[in-house]
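Structure assessment
Now for the letters of each chain:
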Amino acid sequence: MSTENLPQSPEQPARKPRVAVVFGGRSSEHGISTVTAGAVLAAVDRTKYDVLPIGITREGRWVLTADEPERMAIADRRTPEVGDLAESAEGGVVLPVDPASREVVYSEPGSVPKALGEVDVVFPVLHGPYGEDGTLQGLLELSGVPYVGSGVLASAVGQDKEYMKRVFSSFGLKVGPYLVIRPREWQQDESAARKRIVDFAGEHGWPLFVKPARAGSSIGITKVDGLSGLDEAIAEAQSHDPKILIEAAVRGREIEVGVLEFEDGPRASVPAEIPPPSEHAYYDFEAKYIDSTPGIVPAPLTPEETAEVQRLAVDAFEAASCEGLVRADFFLAEDGDFVINEINTMPGFTPISMYPQMWQATGVGYADLIDRLIQAALTRSTGLR
């Protein structure tokens, strides 16, 4: 029988890729992650992508939030909270754990769970532990859902400053003097651990920077100029992470470089310089996010210095097996060498953050930057690669 004269079904329009923007989280960087999410949600091209905002509360509950980026900004010097944005005080979102399904389910107590449709890619804009450190990436690998940014190993290395420095040193990148105090060492003999820090100061001089080993956004960091401030600085760092890092001051200029993965491999942006903030002891959380201390883009470096720090930033990206994006932070020391301080596998991503600013100056605008990262994630498989 001929089907030539039968009515034809209209072609269904192609479904737009669905992007879940996941933000907030259990770390002390919850608020900045939420600010970043607002900026990303405002800039995602809605003609190309459907967007599903998913927040994680400080307690770890996954919630649906309103798609209202304007509510995710810093106001009155305070960062926003996922709990204030949740559409329900009790409802929760569950990602699939079966790689054969990418269906997201929403449920509330006493109600039938509701399917929210499939997610094609996750854009995780979490900062710090329980999100940027490989934990969320591991969940997404198990679920078979593609995601923006580095995988489990690179995310974990990028979060733990001790192992980050060990990896960089093994690949020939220069790092500054540092000391690690692990929680067991502190618990077993606090006085001996403190003596190690004092001896380190005797060898390298004051000031020291006392940091949580696995935190970011300059949270929990104290610049210590002498013995009188040491105990308070240790307590502050340990309130964020039981493992702490002690770094000797590297005298020089702070230089940052953005790395972005293109089809032919990672490329470096023009560098930026972070001048010493006039109202802060160093480039701390308040200077970065509350007072928005401006960086200098591009950094006033010689062509040779620019090429060198760009090369080192790509080397750091490759050394840690990163994917997607990285911000690499350096010191241009007084002897002319670049010393790598750290990388961020999910750097601050508001339009005024240094990573987007550096790429804007390189020729990749904010919306295009987001689009490139989503497209790269959509074409990259999960699993071993």
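Conventions we followed
Residues numbered from 1 in each chain as written. Predicted model: local features only at pLDDT ≥ 70, side-chain atom pairs only at ≥ 80, totals over all residues. Heavy atoms only, no water. Axes fitted to C-alpha atoms, helices over the stretch in contact; angles between N-to-C directions. Helix = DSSP H or I, 4+ residues; strand = E, 2+ residues; numbered from the N terminus. Parallel < 35°, antiparallel > 145°, perpendicular 65-115°, else oblique. Left-handed = near helix turned anticlockwise from the far one by under 90°. Contact = heavy atoms within 4.5 Å. Nonpolar A, V, L, I, M, F, W, Y, C, P; charged D, E, K, R; others polar. pLDDT = per-residue confidence, 0-100. Buried < 20%, exposed > 50% of the residue type's maximum accessible area, 1.4 Å probe, protein only. Core = buried A, V, L, I, M, F, W, Y, C linked by side-chain atoms within 4.5 Å. Pairing = 2+ DSSP bridges. Phe/Tyr/Trp six-rings, centres within 6.5 Å; stacked < 30°, edge-to-face > 60°.

**Details of the packing of helix 7 (residues 190-204) against helix 8 (residues 230-238)**
At their nearest, the axes of helix 7 and helix 8 sit 12 Å apart, and the two run at 115° to each other. As summarised for this structure, helix 7 and helix 8 are arranged roughly perpendicular, according to the angle between their axes. Crossing handedness for the pair helix 7 and helix 8: right-handed. Residues Arg194, Ile197 and Val198 of helix 7 lie in contact with helix 8, whose contacting residues are Leu230, Asp231 and Ile234. When the residues that make up the contact of helix 7 with helix 8 are grouped by side-chain class, the tally is 4 nonpolar, no polar and 2 charged.

**Quick look at the confidence of the model for the protein**
Summarising the model, the protein shows a mean pLDDT of 90, and 91% of its residues fall at 70 or more. Low pLDDT, under 50, characterises residues 1-9; the predicted model gives this stretch 2 contacts beyond four residues in sequence or across chains.

**Brief notes about the side chain of Ser155**
The residue Ser155 is located in helix 4 (residues 152-159) in this model. Relative accessible area serves as the criterion here: at 1%, Ser155 is assigned to the buried category. Here Ser155 is in contact with Glu132, Asp133, Gly134, Gln137, Ser150 and Thr345, once residues within four sequence places are set aside.

**Regarding unusual backbone geometry**
In this model, Trp206 is joined to Pro207 through a cis peptide bond whose omega is 0°. Relative to the elements of secondary structure, Pro207 occurs in the loop between helix 7 and strand 9 (208-212). With an omega of -5°, the peptide bond running from Val297 to Pro298 counts as cis. Along the polypeptide, Pro298 turns up in the loop between helix 9 (285-290) and helix 10 (303-319). Of note, the phi angle at Tyr130 is positive, near 65°, even though the residue is not glycine. The residue Tyr130 is located in the loop between strand 7 (121-124) and helix 3 (135-143) in this model.

**Observations regarding the nonpolar core**
Core analysis: the biggest nonpolar cluster contains 34 residues, and Val21, Phe23, Val40, Phe123, Phe349 and Ile370 have the highest contact counts within it. Elements that contribute at least two residues to this core include exactly strand 1 (18-24), helix 1 (30-43), helix 2 (82-85), strand 7, strand 12 (252-262), helix 11 (354-362) and helix 12 (366-379). Ranked by residues supplied to this core, first place goes to helix 12 with 6 residues. Discounting chain neighbours no more than four positions away, the residues touching Val21 are Ala37, Val40, Leu41, Val51, Leu52, Pro53, Ile54, Phe123 and Val125. Among the nonpolar cores identified, the runner-up in size contains 28 residues, and Val175, Ile255, Leu301 and Ala313 belong to it.

**Here we look at the sheet that holds strand 7**
Reading across from one edge, 3-2-1-7 is the order of the 4 strands in this open sheet, with mixed pairing throughout. Of all the strands in the sheet, the pair left with one neighbour each is strand 3 (62-64) and strand 7. Recorded for the sheet is a direction-independent mean angle of 30° between the axes of neighbouring strands. Bridge analysis of strand 2 (residues 50-56) against strand 3 gives 3 bridges, and the strand direction is antiparallel. Opposite Ile56, over in strand 3, you have Trp62 as the bridge partner.

**Concerning the packing of aromatic side chains**
In total, this model carries 5 aromatic pairs according to the counting rule given. Seen from their ring centres, Phe123 and Phe349 are 6.2 Å apart, and the 70° between their planes marks the pair as edge-to-face. In this pair, Phe123 sits in strand 7 while Phe349 sits in the loop between strand 16 (338-344) and helix 11, placing the two residues 226 residues apart along the sequence. The buried category is assigned to Phe349, whose relative accessible area is 0%. Judged by centre distance (6.0 Å) and plane angle (50°), the rings of Phe262 and Trp359 are tilted. Taken together, the positions of Phe262 in strand 12 and Trp359 in helix 11 put the pair 97 residues apart, joining distant regions of the chain. On the basis of relative accessible area, Phe262 is assigned to the buried category, the value being 11%. An aromatic cluster of at least three residues, connected via ring pairs, comprises Phe123, Phe349, Tyr355 and Tyr366.

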